[in-house]
Amino acid sequence: MPTITLNNGVQVPQLGFGVFQVPPQETQRIVEDALEAGYRHIDTAAAYRNEAGVGAAIAASGIPREEIFITTKLRNGEQGKADEAFHNSARALGVDYVDLYLIHWPVPSQGLYVEAWKQMEKLYANGEVRAIGVSNFLANHLDTLLAASDVVPAVNQIEIHPTFQQEELSAKSRSLGIAVEAYSPLGQGADLMAATVTSLAEKYGASPAQILLGWHLAQGTIVIPKSADSTRMRENLAAVRLTLTPGEVADITALESGARVGADPALAAHTQM
């Protein structure tokens, strides 16, 4: 499994497993399947309400804690009490530390993300988190945060897939030393149907998902696909063995259409997240 080295030296498996929208009652089984398939990077969030299932799966796996990279996220409605929220997440996960803790959304209308970051900096300084970062932060949110903070985010987790690439935001993040992590990496399935993708899948004897994941990996992006199907989990993981040519990467990049799937971080204010 290739790894990405974050700006503080922490290494993260480049291809991880996401549990967004995985029902809490099914999370332990699905994450156990993912760990058995070979995933060692699990991405959850307080808002997903399935941290306990992730933790139970990790405990049941018997895999040493230090071999599994755990990401979780601060719920939007708890930005004013990030310290308390983090410790609730750690208890739910059943762990003494978290590898990566993210502000889930900036929610600029609240005006609290800098305050939340300051609390997260203390968690990081205390060794309770190995790295801290952000999710869904646009360029202006990064500028505001960096002007008021001591720690540069290790990661910016944002929506990226061939038809919505956020190229300028990704470039800005990387220029600041912030690793880029893609969620909805398959465009929630829509990008799998593109003729460019299906023809490459036929050429390589691969699944369309493997082609898209290979595109992400080729650009040095951390990527967190999800699937409840163990066969598909293994197929997705096998994307690390696929090497696209620069021309093929460019052909997929040409699919950009500006088609965002998720909410706009400039406006999103869902406090339940």
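Our structure's up above, just so we're on the same page.
A brief structural summary.

Next up on the list: the overall build of the chain. In terms of regular secondary structure, the chain is built from 10 helices and 10 strands. Computed over C-alpha atoms, the radius of gyration of the chain comes to 18 Å, within 12% of the 19 Å expected from 2.2 N^0.38 for 273 residues, which places it in the range of a compact globule. Structurally, the chain occupies a C-alpha span of about 50 × 40 × 30 Å along its principal axes. Long-range pairs, those at least 24 residues apart, make up 75% of the contacts in the chain with a sequence separation of at least 6. Entry remark: accessible area of the chain is about 11,100 Å², with carbon and sulfur atoms responsible for 51%. Within the chain, the 30 negative side-chain charges are centred at a point lying 2 Å from the centre of the 19 positive side-chain charges.

A few words now on the environment of Val249. Within the secondary structure, Val249 is located in helix H10 (residues 246–253). Given a relative accessible area of 14%, Val249 falls into the buried group. Beyond its immediate sequence surroundings of up to four residues, Val249 is in contact with Trp215, Ala218, Gln219 and Leu244.

Applying the stated criterion across every chain yields a total of nine salt bridges. Arg75 is the salt-bridge partner of Glu78, the closest N and O atoms lying 3.6 Å from each other. Considered together, Glu78 and Arg75 belong to a single accessibility category, that of buried residues. Each member of the salt-bridge network shares a partner with another, and the members are Glu26, Arg29 and Asp33.

Negative phi values dominate among residues other than glycine, just as trans dominates among peptide bonds. The backbone phi angle of Gln21 is positive, close to 65°, even though this residue is not glycine. Its place among the elements puts Gln21 in the loop between strand E3 (17–18) and helix H1 (24–37). On the basis of relative accessible area, Gln21 is assigned to the exposed category, the value being 58%.

With that settled, consider the packing of helix H3 (residues 82–93) against helix H4 (residues 113–125). Close contact between H3 and H4 brings their axes to 8 Å; oriented N to C, the two are set at 55°. The angle between H3 and H4 places the two elements in the oblique class. Residues Ala82, Asp83, Phe86 and His87 of H3 form the contact with H4, whose participating residues are Ala116, Gln119, Met120 and Leu123. Along the lines of polarity and charge, the residues of the contact of H3 with H4 split into five nonpolar, two polar and one charged.

This part is about the side chain of Gln157. Among the secondary structure elements, Gln157 is positioned in strand E8 (residues 155–159). Overall, Gln157 belongs to the buried group, its relative accessible area being 2%. Of the polar contacts made by the side chain of Gln157, one reaches the side chain of Glu181; its length is 3.5 Å. Setting aside residues up to four positions removed in sequence, Gln157 forms contacts with Asp43, Lys73, Leu102, Val134, Ser135, Asn136, Glu181, Tyr183 and Ile224.

So, how was this worked out
Residues numbered from 1 in each chain as written. Predicted model: local features only at pLDDT ≥ 70, side-chain atom pairs only at ≥ 80, totals over all residues. Heavy atoms only, no water. Helix = DSSP H or I, 4+ residues; strand = E, 2+ residues; numbered from the N terminus. Rg over C-alpha atoms; globule rule 2.2 N^0.38 Å. Contact = heavy atoms within 4.5 Å. Areas by Shrake-Rupley, 256 points an atom, 1.4 Å probe, with all protein chains shown as cover. Lys, Arg positive; Asp, Glu negative; His and termini not counted. Charge placed at Lys NZ, Arg CZ, Asp CG, Glu CD. Buried < 20%, exposed > 50% of the residue type's maximum accessible area, 1.4 Å probe, protein only. Salt bridge = Lys/Arg side-chain N within 4 Å of Asp/Glu carboxyl O. Axes fitted to C-alpha atoms, helices over the stretch in contact; angles between N-to-C directions. Parallel < 35°, antiparallel > 145°, perpendicular 65-115°, else oblique. Nonpolar A, V, L, I, M, F, W, Y, C, P; charged D, E, K, R; others polar. Polar contact = N/O pair within 3.5 Å; in protein donor to acceptor, adjacent residues only side chain to side chain.

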